[in-house]
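# Coordinate inspection notes
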Amino acid sequence: MNYWIWFPGDFEIYHIMKQNFSREERGFDWPAYWYTSSWNHNVQFTRTYHLTEKTSFTVFAKGKGYVAIKRYLADGSEQIKKFPYEQVITCEPGDVTVEVIVCHLEGLPSIFVSGETVFSDESWGASNYIEHNQPVGGSALFTKKEDNPMEFPYTHEIKAPTKIEVVNGGQLLDFGYDITAKTQITYSEKFEPITLCYGESRTEALDVSDCYLKHVIETPNDSGIEQISENTFVTRLRAFRYIFLPDVNHDSITITVDHQYVDFGGVSQFKSSDKRLNKIWEIADRTFRTCSDIFFLDGVKRDKWVWSGDAFQSYFINKYSFFNKEIVERTILGLRGNDPIQQHLNTIIDYSLYWMISIEEYYQTFGDRKFLEKVYPKMESLLQYCDAQIDEHGFIYGKKDDWVYIDWAEFDICGPLCAEQMLLARAYQSVIAIRQALGKSIADLNVKFKKLISNIHKFYWDEEKGGFIDSYESGKRNVTKHANIFAILFNYADEVKAAKIKHHVLLNPEINEIHTPYFKFWELEVMAKIGEFSYVIEQIKSYWGGMLDEGATTFWEYYDPNETGVDKYAMYGDKYGKSLCHAWGASPIYLIGRYLLGVHSTSPGYESFEVAPQVDLFDELSCILPVGKGQVTIEIEKRQLMVIATVSGGILCLPNQKIPLPKEQKIIIQF
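Residues numbered from 1 in each chain as written. Predicted model: local features only at pLDDT ≥ 70, side-chain atom pairs only at ≥ 80, totals over all residues. Heavy atoms only, no water.

### Quick look at the overall build of the chain
Check the secondary structure of the chain and you find 14 helices and 32 strands. Here the C-alpha radius of gyration of the chain, 27 Å, is about what a compact globule of 671 residues would show, namely 26 Å. A total of 671 residues make up the chain; the buried ones form 60% of that total. Summed over all atoms, the accessible surface of the chain reaches about 27800 Å², with 48% contributed by carbon and sulfur. (Helix = DSSP H or I, 4+ residues; strand = E, 2+ residues; numbered from the N terminus. Rg over C-alpha atoms; globule rule 2.2 N^0.38 Å. Buried < 20%, exposed > 50% of the residue type's maximum accessible area, 1.4 Å probe, protein only. Areas by Shrake-Rupley, 256 points an atom, 1.4 Å probe, with all protein chains shown as cover.)

Shown next as structure tokens:
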């Protein structure tokens, strides 16, 4: 396939920088506050051909530079000719090397070579003059010379509001749910000043003085708007559900929006006899798709940044939604940036650890060894960066400017935090797994891992409290759910300790509840892992259903049923700081797909997989879930289970039964 090519990782770094610099708040821009790795601005592309006949080609580029053709003469010397871009170049038969030099100060150095024999594809190499002959980056999204890899090819849809109300002397426009869009303002007569008050909630949009995003347009030449026709103006891209137009209650102004999104298509389907569960799946899917852009974003209104922790959970949800490989790769590469690593991802230690774990998760999902080889050096350099913060016990600690996050919760963070050590151990395991897949030595990491696990139990386990404490240095012996969830999830607690954790921590009403969907994800996964499936489904219906009862049309960043009125929209000390459309709010898709329906890979790329539905939870069910390059259909009706997979390698797992799933063959079981 002929496509635009660039230095590997540059496309992702260029676009993640654009994304992380796009945040807006109350009239000013707010770029991300962490170290930003840049892309390469000067790149050399090279490909050697053995031509058996005369051929012609043309080079198109983003940036400045030239094309050099090297011919190898019979006497061993080289003949070099240079050409400008966009000129037809003809080569005679023989051995030739095509070399394209591109520099771009502001944008992405990239080339498109068009010809029958000489053309740009994965066979080319790239150099930044330090790293030579690197496999180029490219994408099936950019296959024509007219394409521009600096502009992502979004899908656009012009939408009108689903409802218009006259409120407080103005118009309140409701678009039904959160969308990311440019606002189009059309005047039937002459231009007049207008104020646009955006909101994820009705309350926020009507709060003219305090709404998070407000645009006051006083003249046709104001910054932040573009005139696209005689009477129509377009604003910058924003995310919202509502727009309030104060003092506009007439028909001389029409508002539509240009909804911009990435169309990932539809793969998974879920429908059961439980209408509440169906609605939760529907809203979770909408939430996830809204937060899936070039990269997996956290929330679309406020941050619009790419956070490694949010992305990590998105990788799991993606497997049970639209199963897109490219967005996972873009997010992994964009987050990591270039070497040398200067700072933890998003400044957060646990987010660096999640990134390393995500490489193992990627390989288990897609089985792509080429990508593994490409990203492995950056995995090792990040591991070395983390290892520089290890104390004599093997514990990782925060240094100046590091953020030890884990969750929005009250931790005892005196000294190394227990939950952080659990993640470090899990990261070690992931690097070990990737090294094994690539045939590399694991001896040194095995030693570190075993020492770390031993010391976690030695310093953090509290027999009296029946769980792991946050900190051993403070003497407070404070217990939160987080480290204990990780202990069971990562298999760091044996059966005896796991039983104590379940009784004394997870089901203990005296231990602080978790209020973020982010950690509800892990909490409910652990409960599913220990077989509490009824608990999981009831919690999904209660917690996410609670947001539905509050009128949610996408799921939130944080939900506490005790917060009422305008307070339920507040976060970070901001009246409307809470995201009402947040990627980690979509976790019911994963919890249902992975545990209640029991679909998961058992070897890289779903070469083998299991389907283990909890049939007693459903009276009726019809669902389709992706399994690698195929899909599996699960249906339940009148105590009968039907399973069919479009690919081979599946096993249907039921109590005391394991039944092969031959490709395209229905398996029907009465229960």
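Alright, that's what it looks like, and here's the rest.
### Here we look at the sheet that holds strand β10 (residues 110-115)
A sheet is described by the order of its strands in space; here five strands give the open sequence β8-β5-β10-β1-β13, paired in antiparallel fashion. Because the sheet does not close on itself, it has two edges, and the strands there are β8 (89-91) and β13 (137-138). The pairing of strand β5 (residues 55-62) with β8 spans three bridges and is antiparallel. Its bridge partner being in β8, F57 is matched across the sheet by I89. (Pairing = 2+ DSSP bridges.)

### Here we look at the side chain of N484
Locating N484 in the fold gives a position in helix α10 (residues 481-489). A distance of 2.9 Å separates the side chain of N484 from the backbone oxygen of T480, its partner in a polar contact. Non-local contacts of N484, meaning those with residues more than four positions away in its chain, are made with G467, F468, V479, I501 and V505. (Polar contact = N/O pair within 3.5 Å; in protein donor to acceptor, adjacent residues only side chain to side chain. Contact = heavy atoms within 4.5 Å.)

### Regarding empty space enclosed by the protein
Within this structure, the stated rule accounts for four cavities of 30 Å³ or more. Approximately 280 Å³ is the volume attributed to the largest cavity. Around the largest cavity, the lining is made up of 22 residues, and of these W34, Y35, T36, S37 and L335 lie nearest the centre. Elements supplying a minimum of two residues to the lining of the largest cavity: α1 (10-20) and α5 (325-336). With four residues, α1 is the single largest residue contributor to the lining of the largest cavity. The residue inventory of the lining of the largest cavity, partitioned by class, reads 11 nonpolar, 10 polar and one charged. (1 Å grid on protein atoms, 1.4 Å probe; cavity = no way out; pocket = protein on both sides within 12 Å on 5 of 7 lines; lining within 4 Å. Points joined across faces, edges and corners; volume = space filled by probe spheres on them. Nonpolar A, V, L, I, M, F, W, Y, C, P; charged D, E, K, R; others polar.)

### Points about the packing of helix α3 (residues 275-290) against helix α14 (residues 588-596)
Two numbers describe how α3 lies on α14: the axes approach to 8 Å, and their chain directions differ by 120 degrees. Classified by the angle their axes make, α3 and α14 are oblique. Along its contact with α3, which presents L277, I280, W281, A284 and D285, the element α14 presents P588, I589, I592 and G593. Here the residues of the contact of α3 with α14 sort into seven nonpolar, one polar and one charged. (Axes fitted to C-alpha atoms, helices over the stretch in contact; angles between N-to-C directions. Parallel < 35°, antiparallel > 145°, perpendicular 65-115°, else oblique.)

### A short note on the nonpolar core
Nonpolar side chains in soluble globular proteins tend to end up buried together. One finds W355, M356, F468, F486, W522, I634 and L652 to be the most contacted residues of the largest nonpolar core, which totals 169 residues. With near-sequence residues (within four places) excluded, W355 lies in contact with S308, I332, L335, R336, L345, V375, K378, M379 and L382. (Core = buried A, V, L, I, M, F, W, Y, C linked by side-chain atoms within 4.5 Å.)

### Some thoughts on the pattern of salt bridges
One pass over the structure, following the stated rule, counts 45 salt bridges. With a closest N to O distance of 3.4 Å, D210 and K575 form a salt bridge. Here D210, found in the loop between α2 (202-206) and β18 (213-217), pairs with K575, found in the loop between α13 (533-549) and α14; they are 365 residues apart in sequence, far enough to count as distant. E360 is paired through a salt bridge with R426; the nearest N and O atoms lie 3.0 Å apart. Placement of the pair is E360 in helix α6 (residues 349-366) and R426 in helix α8 (residues 418-437), with a sequence separation of 66 residues. For E360, a relative accessible area of 22% translates into the label partly exposed. Salt bridges sharing partners connect three or more residues here, namely R23, E25, R26, R302, D303, E557 and D574. (Salt bridge = Lys/Arg side-chain N within 4 Å of Asp/Glu carboxyl O.)

### Overview of the environment of L621
Secondary-structure assignment places L621 in strand β27 (residues 621-627). Judged by its relative accessible area of 4%, L621 falls in the buried class. Between the C-alpha atom of L621 and that of L641, which follows or precedes it by 20 residues, the distance is 9.1 Å. Here L621 is in contact with F270, K271, S272, L597, I634, E635 and I636, once residues within four sequence places are set aside.

### Topic: the packing of aromatic side chains
For the coordinates displayed, the defined rule picks out 63 aromatic pairs. Summarising the aromatic geometry, the rings of Y362 and F371 are spaced 4.5 Å apart at their centres and angled 45 degrees between planes, so their arrangement reads as tilted. For the pair formed by Y362 and F371, the shared burial category is buried. One residue, R23, lies across the ring of W30, its end atom 3.6 Å from the ring centre. Above the plane of the ring of W305 lies R23, whose end atom (NZ or CZ) is 4.6 Å from the centre. (Phe/Tyr/Trp six-rings, centres within 6.5 Å; stacked < 30°, edge-to-face > 60°. Lys NZ or Arg CZ within 6 Å of the ring centre and 35° of its normal.)

### A few points about the sheet that holds strand β9 (residues 94-103)
Two orientations exist for strands paired in a sheet by backbone hydrogen bonds: parallel and antiparallel. The six strands are arranged β7-β6-β9-β4-β11-β12 in an open sheet whose pairing can be described as antiparallel. The strands lining the two open edges of the sheet, one partner per strand, are β7 (78-83) and β12 (134-135). In this sheet, β9 lies alongside strand β6 (residues 64-72) in antiparallel orientation, the contact comprising eight bridges. Among the inter-strand pairings, A68 is bridged to a residue of β9, identified as E99.

### Regarding helix α7 (residues 369-387)
In this model, α7 (19 residues) spans 26 Å end to end at C-alpha, consistent with the 27 Å of a helix rising 1.5 Å per residue. Sitting at the amino-terminal end of α7 is D368, which places a side-chain oxygen 3.0 Å from the backbone nitrogen of K370. (Expected span 1.5 Å × (residues − 1).)

### Quick notes on unusual backbone geometry
Here D339 and P340 are connected by a cis peptide whose omega angle stands at 0 degrees. Inspection of the secondary structure puts P340 in the loop between α5 and α6. Here E86, not a glycine, exhibits a phi torsion of approximately 60 degrees, which is positive. Tracing the backbone through its elements, the reader meets E86 in the loop between β7 and β8. Judged by relative accessible area, which is 56%, E86 ranks as exposed.

### Re the packing of helix α4 (residues 308-318) against helix α12 (residues 517-529)
Packing of α4 against α12 brings their axes to within 11 Å, and their N-to-C directions diverge by 50 degrees. Relative to α12, α4 is oriented oblique. As α4 runs across α12, the sense of the crossing is left-handed. Of α12, the residues touching α4 (which contributes G309, F312, Q313, F316 and I317) are Y518, F521 and W522. Grouping the amino acids of the contact of α4 with α12 by side-chain chemistry returns six nonpolar, two polar and no charged. (Left-handed = near helix turned anticlockwise from the far one by under 90°.)

### What about the layout of surface pockets?
Using a probe with the size of a water molecule, rolled over the atoms, empty space left in the structure can be pinpointed. Size it by volume and the largest pocket reaches roughly 1200 Å³. Forming the walls of the largest pocket are 41 residues, and the residues nearest its centre are V136, G137, G138, E329 and K374. Mapped onto the lining of the largest pocket, the elements with two or more residues apiece are α1, β12, β13, α5 and α7. In terms of residue count, the dominant contributor to the lining of the largest pocket is α7 (six residues). Here the residues of the lining of the largest pocket are counted per class, giving 18 nonpolar, 10 polar and 13 charged.

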